[in-house]
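Structural overview
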Amino acid sequence: MPPTASDRSALARLADACVQCGLCLPHCPTYQDARSEPESPRGRILLGRAIAEGRIAAAEADRDDALGHCLGCRACEAVCPAKVDYGRILHLTRSALRAEQPPRRWQRLLEWGVGRPRVLDAGFRLARWLRPLPWLRNRLPSIPRVRPLRPRAATGTPRGRLLLVQGCVAAHWERPAHAAALQLLSRLGWEVDVLEPGCCGALHRHAGNAGDAARLRERLATAIASRRCEAVLHAGGGCHEAIGEAAGQLPTHELSAFIAGDSRLPGLRLRSSSLRVALHVACTQRNVVRRADADQDLLLRIPGLRLCPPAPARCCGAAGVQSLQFPGQSSQRMKPISDWYRDAAPDLLLAGNLGCRLQLARGLGSGSGTLEVQHPLEFLVGHLE
Ligand code: SF4
Ligand code: SF4
């Protein structure tokens, strides 16, 4: 869908908010690596403004992949004194780019598949069937076989009713974390309804596919509106904004952030642990959900548990589809982070973000049993008394 005149004027207006101070540059991973202006947030914002004003074609602006390289980590936005809405600038810029430059076939196939739960389900079944083949074993991550997730009643008198949005890929891979969250929420007195698997359109929006993103968001909004609940919960930092928009007036929370902020949490009785664990915090948890400390707050409630010093707050290279789009760069980004965790030698690595978890599992070779990577809520629920 080509950008409309109102998209272009929105892009120009948003880009105008940038005062070009450069305070975001030291926080941008692509600028730190390339040290060139087009690989910085300020440079990308200038390119966005030039595209909006028709001074440069989007494909020309992206000639060296300056727009494609952006990780969408939003570290720039979190430190910007002018409160520039970089996320929206990126989406509008990529949308303009997509109108000039059709996406690659794998990207189209991915977007088509994740937007269709039955296709995704069949794709996962096929991948599970093919994975034992020797040439695929190390290329495909292990895909769990899942049973449908059922709504859960509150323990005791319900305080209210929540709605869990399972998402698309997360409905398969985050099934154990979703089940753990339901158990914790039930113990905290919440009744939890569960929405059928379905995509929120975030993946499409990050890739500039505004049309499909809007269609999927609308579908999710209709599904949410058909349920009675007080708040919407989800497990994906990268989907936080899209789900929040679909939820409309209903408050939207990432699961760990919601549970960590629950007033009844201190009443939960947890068994002690003698383990030493490392905790990986995703960029979107820091910069979009803005609750970087949620998982740490939860884990520190386990008596005796020791946390390794945190790794540097840098992108691990997962960044949506970057590991497919720029596999070499993605692996380079992953290496210092996976080396950090390997050197820290924890008993277990915990990571709340699915993309980071799969990326780190690949980097650490957890498939071969070197270091297991788990969702913090799964770990926490294993310590419930
Ligand atoms: S989102 Fe991340 S990679 Fe993109 S410009 Fe901002 S800091 Fe740099
Ligand atoms: S995005 Fe914000 S921090 Fe970065 S140059 Fe513009 S005003 Fe400064």
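Residues numbered from 1 in each chain as written. Chains lettered and ligands numbered in written order. Predicted model: local features only at pLDDT ≥ 70, side-chain atom pairs only at ≥ 80, totals over all residues. Heavy atoms only, no water.

This part takes up the site of ligand 1. Around ligand 1 sit 13 residues, and of these Cys 28, Arg 44, Cys 70, Cys 73 and Cys 76 come closest. Broken down by secondary-structure element, the contributors of at least two residues to the shell around ligand 1 are helix 2 (29-34), helix 3 (41-52) and helix 6 (75-79). Per-class residue counts for the shell around ligand 1 are nine nonpolar, two polar and two charged. (Near = heavy atom within 4 Å. Helix = DSSP H or I, 4+ residues; strand = E, 2+ residues; numbered from the N terminus. Nonpolar A, V, L, I, M, F, W, Y, C, P; charged D, E, K, R; others polar.)

What follows is about the site of ligand 2. Taken together, Cys 18, Val 19, Gln 20, Cys 21, Gly 22, Cys 24, Ile 45, Cys 80, Pro 81 and Ala 82 form the complete shell of residues around ligand 2. Of the residues that constitute the shell around ligand 2, the class distribution is eight nonpolar, two polar and no charged.

Let us now look at a nonpolar patch on the surface. Taken together, the side chains of Leu 109, Trp 112 and Val 119 define a hydrophobic patch exposed on the protein surface, amounting to about 290 Å² of accessible area. In this structure, Val 119 sits in helix 9 (residues 117-130). Overall, the relative accessible area of 30% leaves Val 119 in the partly exposed class. (Patch = residues over 30% accessible without salt bridge, like charges linked within 9 Å, V, L, I, M, F, W, Y side chains within 5 Å. Areas by Shrake-Rupley, 256 points an atom, 1.4 Å probe, with all protein chains shown as cover. Salt bridge = Lys/Arg side-chain N within 4 Å of Asp/Glu carboxyl O. Buried < 20%, exposed > 50% of the residue type's maximum accessible area, 1.4 Å probe, protein only.)

Moving on to the sheet that holds strand 3 (residues 231-234). The strand order across the open sheet built from four strands is 2-1-3-4, with neighbouring strands paired in parallel fashion. Each edge of the sheet is formed by a strand with only one pairing partner; in this case those strands are strand 2 (190-195) and strand 4 (252-254). Averaged over neighbouring strand pairs, the angle between their axes works out to 30° when direction is ignored. Where strand 1 (residues 160-165) and strand 3 come together, three bridges link them in parallel fashion. Within the sheet, the bridge partner assigned to Leu 164 lies in strand 3 and is Leu 233. Across the face of the sheet, helix 15 (residues 240-247) comes into contact with strand 1, strand 3 and strand 4 while running at roughly 155° to strand 4. (Pairing = 2+ DSSP bridges. Axes fitted to C-alpha atoms, helices over the stretch in contact; angles between N-to-C directions. Contact = heavy atoms within 4.5 Å.)

Judged by nonpolar contacts, the single largest core of 39 residues is most densely connected at Leu 162, Leu 184, Leu 185, Leu 255, Ile 259, Leu 377 and Phe 379. Shared between two domains, this core holds at least three residues of each, these being domain 2 (103-267) and domain 3 (269-381). Residue contacts for Ile 259: discarding those within four places in its chain leaves Ala 181, Leu 184, Leu 185, Leu 188, Leu 265, Leu 298 and Leu 377. Of all hydrophobic cores here, the second largest spans 20 residues; its members include Cys 80, Val 84, Leu 90 and Leu 92. (Core = buried A, V, L, I, M, F, W, Y, C linked by side-chain atoms within 4.5 Å. Domains from an automatic or database assignment.)

Right, let's talk about the side chain of Ser 330 for a bit. Along the chain, the position of Ser 330 falls in helix 20 (residues 327-344). In terms of polar contacts, Ser 330 uses its side chain to reach the side chain of Gln 359, at 3.1 Å. With residues up to four places along the chain from it excluded, the contact list for Ser 330 reads Cys 316, Gly 317, Gln 322, Ser 323, Gln 359 and Arg 362. (Polar contact = N/O pair within 3.5 Å; in protein donor to acceptor, adjacent residues only side chain to side chain.)

In this section: the side chain of His 280. Relative to the assigned elements, His 280 resides in strand 5 (residues 276-280). Leave out the neighbours within four places in its chain, and His 280 touches Cys 316, Ile 337, Tyr 341, Leu 349, Leu 350, Ala 351, Gly 352, Cys 356 and Leu 360.

This paragraph deals with the pairing of strand 7 (residues 348-351). Residues Leu 348 and Leu 350 of strand 7 are buried on one face, and the alternating residues Leu 349 and Ala 351, pointing to the opposite face, are buried as well. By the bridge criterion, four bridges tie strand 5 to strand 7 in an arrangement that is parallel. Following the sheet pairing, Leu 279 is matched in strand 7 by Leu 350. Two strands pair when backbone bridges link them, and strand 7 and strand 8 (residues 373-374) are joined in this way by two bridges, in the parallel orientation. Within strand 8, the residue paired with Leu 349 across the bridge is Val 373.

The values reported here are purely geometric and, on their own, carry no functional implication.
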